[in-house]
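As a plain string of letters, each chain reads:
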Amino acid sequence: MSKWADYLIYAVHYADEPYRKHIAEVKTHKDLDDKLGRETYPFSKDEVIRYIESTDHRRTFCTFYEDDNSKLKQGKQVIVDTVGSEKYIKTERNGIKADNLGDLPTY
């Protein structure tokens, strides 16, 4: 596994279950080039946005998942998509007023 991003997102917590439009927090592991970091790091949605947009302390985020053989698979790069005046974290720009990081597990 080569480095995919600074942090790999593996789970999300929505602020508005069951609607799933607004992520409150994500759980991550550090990407250590050839393996996952042992510790988990929670980030609020606002922190993810701040790190992605930062010019001084920029960090990258990517989703990941395990396949049926428990092998890690790279998901998609996480981006900030501004719709109207709201910022959302997503894996693709689509103009929809909702966060979307795919089908990651929730907590």
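Our structure is the block above this text.
What comes next is a walk through the structure. All figures in this text were calculated on a predicted structure; none of them were measured in a lab. (Residues numbered from 1 in each chain as written. Predicted model: local features only at pLDDT ≥ 70, side-chain atom pairs only at ≥ 80, totals over all residues. Heavy atoms only, no water.)

Observations concerning the pairing of strand E4 (residues 61-66)
- In terms of strand pairing, strand E1 (residues 7-14) meets E4 through three bridges, oriented parallel. Directly across from Leu-8, in E4, lies its bridge partner Cys-62.
- Sheet analysis places E4 next to strand E5 (residues 72-77), joined by four bridges and oriented antiparallel. Within E5, the residue paired with Cys-62 across the bridge is Gln-77.
- As consecutive antiparallel partners, E4 and E5 are separated by five residues, and within that stretch Ser-70 has a phi angle of approximately 60°, a positive value. (Pairing = 2+ DSSP bridges. Helix = DSSP H or I, 4+ residues; strand = E, 2+ residues; numbered from the N terminus.)

A short note on the nonpolar core
- The biggest cluster of nonpolar side chains holds 16 residues, and the ones touching the most others in it are Ile-9, Val-12, Val-26, Phe-61, Ile-89 and Leu-101.
- Elements represented by at least two residues in this core include exactly E1, strand E2 (23-31) and helix H1 (45-53).
- The dominant element in this core, judged by the number of residues it contributes, is E1, at four residues.
- Formed by five residues, the second largest nonpolar core is a distinct cluster that contains Trp-4, Ala-5, Cys-62 and Phe-64. (Core = buried A, V, L, I, M, F, W, Y, C linked by side-chain atoms within 4.5 Å. Buried < 20%, exposed > 50% of the residue type's maximum accessible area, 1.4 Å probe, protein only.)

With respect to the packing of aromatic side chains
- Scanning all chains against the criterion turns up six aromatic pairs.
- Measuring from centroid to centroid gives 5.9 Å for Tyr-7 and Tyr-41, while their planes differ by 75°, and the two rings are edge-to-face. In this pair, Tyr-7 sits in strand E1 while Tyr-41 sits in strand E3 (residues 36-44), placing the two residues 34 residues apart along the sequence.
- Plain terms: the ring middles of Phe-43 and Phe-61 are 5.4 Å apart, the flat faces sit at 90° to each other, and that makes the pair edge-to-face. With a gap of 18 residues between them, Phe-43 in strand E3 and Phe-61 in strand E4 connect regions that are remote in the sequence.
- The exposure class of Phe-43 is buried, given its relative accessible area of 8%.
- Taken together, Tyr-7, Tyr-41, Phe-43, Tyr-51 and Phe-61 form an aromatic cluster joined through their ring pairs.
- Here the guanidinium or amino end of Lys-27 rests over the ring plane of Tyr-107, the centre of that ring lying 4.3 Å away. (Phe/Tyr/Trp six-rings, centres within 6.5 Å; stacked < 30°, edge-to-face > 60°. Lys NZ or Arg CZ within 6 Å of the ring centre and 35° of its normal.)

Any functional reading would require information beyond the geometric quantities listed.
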